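Notes for the structure review
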Amino acid sequence: SQQGEEDPQALSIQEGENATMNCSYKTSINNLQWYRQNSGRGLVHLILIRSNEREKHSGRLRVTLDTSKKSSSLLITASRAADTASYFCAKGGTSYGKLTFGQGTILTVHP
Amino acid sequence: SQTIHQWPATLVQPVGSPLSLECTVEGTSNPNLYWYRQAAGRGLQLLFYSVGIGQISSEVPQNLSASRPQDRQFILSSKKLLLSDSGFYLCACTNTGRIGYTFGSGTRLTVV
């Protein structure tokens, strides 16, 4: 079964609002990563949080990790129309750098 | 920085025809390489990965195969395509000490 299930499946907000996406997983992880995919394009790495970290920031992105609940969240603050994309969490194990991706959240930011 | 070149961008092939998708990497050496497939509106499924020349591991049994003839070249092949092989194919790489994957721009394969 897939690891890294995202919630919600789709999110529609207005420009300037914050967007929060959640990710759950089932087995232990080495790290958890978030990626963005614009329609019909490849994925772009956003941020990585290691299993011994609880929170990381990168620009308007904030990622939290709760290993006791096996969940992570991605917060995009002050969203822009250009943030419209699909967002995926990916569970990183220790085996050859393989990542297991969730189903993704489709974010639409209306101008 | 490392970049991935993937081609073609789109491909329409009849059922039963062969397939060859190529991915080349620049800006790094001895990368780990991966082929993923993405069905419409869904997540990515890992198909193959390689940690070195000639070393290929398959994640799911299927109609596809992969090869790595050179350090920075990764090829996805099929002898006879099925309708179910349609999808968006993505090549990715990572390397020791590097955070995250670098993805190619993908190939949209439609089998008709």
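One can find the structure itself at the top, above this paragraph.
Residues numbered from 1 in each chain as written. Chains lettered and ligands numbered in written order. Predicted model: local features only at pLDDT ≥ 70, side-chain atom pairs only at ≥ 80, totals over all residues. Heavy atoms only, no water.

1. Description of the pattern of salt bridges
Applied cut-off: Each salt bridge in this description consists of a side-chain nitrogen of Lys or Arg and a carboxyl oxygen of Asp or Glu lying within 4 Å of one another. Secondary structure counts use DSSP, requiring at least four H or I residues in a row for a helix and at least two E residues in a row for a strand, with both numbered from the N terminus. Classification of residues uses two cut-offs on accessible area relative to the type maximum, computed with a 1.4 Å probe and protein chains only: under 20% is buried, over 50% is exposed, and between them is partly exposed.
All told, the structure shown has five salt bridges over all chains when counted by the stated rule. Where A:Asp83 meets A:Arg60, a salt bridge forms, and the shortest distance between an N and an O atom there is 2.9 Å. Within this pair, whereas A:Asp83 is found in the loop between β8 (71-76) and β9 (85-92), its partner A:Arg60 is found in the loop between β6 (55-58) and β7 (61-66), the two being separated by 23 residues in sequence. The class for A:Arg60 is partly exposed, based on a relative accessible area of 24%. Note that B:Asp71 is salt-bridged to B:Arg68, the shortest N-O span being 3.2 Å. According to the relative accessible area criterion, B:Arg68 is buried, its value standing at 3%.

2. Some thoughts on the sheet that holds strand β3 (residues 19-26) of chain B
All names here are of chain B. The condition is simple: By the convention used here, strands pair only if DSSP detects at least 2 bridges between them. Only C-alpha atoms enter the line fits that serve as axes; for helices the fit covers just the stretch in contact. Angles between N-to-C directions range over 0 to 180 degrees.
A sheet is described by the order of its strands in space; here four strands give the open sequence β1-β3-β8-β7, paired in antiparallel fashion. Two strands lie at the open edges of the sheet, namely β1 (3-7) and β7 (65-70), each paired on one side alone. On average, each strand axis in the sheet is tilted by 20° relative to the strand beside it, whichever way the strands run. Judged from the four bridges that link them, β7 and strand β8 (residues 73-78) form a sheet pairing that is antiparallel. Of the residues in β8, the one forming a bridge with Ser-67 is Ile-75.

3. Quick word on the side chain of B:Gln6
Residue and element names in this part refer to chain B. The test is simple: Within 3.5 Å is the distance limit for a polar contact, defined as a pair of N or O atoms, with the added protein rule that one can donate a hydrogen and the other accept it, and that residues adjacent in sequence qualify only through two side-chain atoms. Residues count as neighbours in contact if any of their non-hydrogen atoms are within 4.5 Å of one another.
Relative to the helices and strands, Gln-6 is located in strand β1. Assessed through its relative accessible area of 8%, Gln-6 is described here as buried. Within polar-contact distance, the side chain of Gln-6 engages the backbone oxygen of Tyr-89 at 2.6 Å. Of the polar contacts made by the side chain of Gln-6, one reaches the backbone nitrogen of Gly-106; its length is 3.2 Å. Among residues more than four places away in sequence, those in contact with Gln-6 are Glu-22, Trp-35, Tyr-89, Leu-90, Cys-91, Gly-104, Ser-105, Gly-106 and Thr-107.

4. Re the interface of chain B and chain A
Where the parts come together, the accessible area they lose is often given as the size of the interface. Worth spelling out the cut-off: Buried area is understood as the total, over both parts, of accessible area removed when two parts are fitted together, assessed with a 1.4 Å probe.
Residue-level contacts link 21 residues of chain B with 20 residues of chain A. Across the interface of chain B and chain A, roughly 1500 Å² is buried in total on both sides, 56% from carbon and sulfur atoms. The three residues of chain B that bury the most area against chain A are B:Leu44, B:Ile99 and B:Tyr101, which together make up 30% of that side's buried surface. For the pair chain B and chain A, the number of links is one salt bridge. B:Glu59 serves as the salt-bridge partner of A:Lys98, at 3.2 Å between the closest nitrogen and oxygen. Taken together, the connections running from chain B to chain A amount to nine residue pairs in polar contact (both at pLDDT 80 or more).

5. Section: the state of the cysteines
Residues and elements named next belong to chain A. Formally: The disulfide criterion is simple: two cysteine sulfur atoms within 2.5 Å.
Evaluation of the coordinates by the stated rule reveals two disulfides over all chains. In this model Cys-23 forms its disulfide with Cys-89; the gap between the sulfur atoms is 2.0 Å. Residues Cys-23 and Cys-89 are joined through a disulfide that is right-handed, its torsion about the S-S bond being 70°. You can see Cys-23 sitting in strand β3 (residues 19-24) and its partner Cys-89 sitting in strand β9, a full 66 residues away along the chain. By the burial criterion, Cys-23 is buried, and Cys-89 matches it.

6. Description of unusual backbone geometry
Residue A:Pro8 is reached from A:Asp7 by a cis peptide bond, and omega for that bond is 0°. Inspection of the secondary structure puts A:Pro8 in the loop between β1 (5-7) and β2 (10-14). Note the cis peptide between B:Trp7 and B:Pro8, where omega equals 0°. Tracing the backbone shows B:Pro8 in the loop between β1 and β2 (10-13). The phi dihedral of A:Lys70 falls on the positive side, at around 55°, and the residue is not glycine. You can see A:Lys70 is positioned in the loop between β7 and β8. Positive phi is not limited to glycine here, since A:Ala78 has a value of about 45°. Turning to its location among the elements, A:Ala78 is positioned in the loop between β8 and β9.

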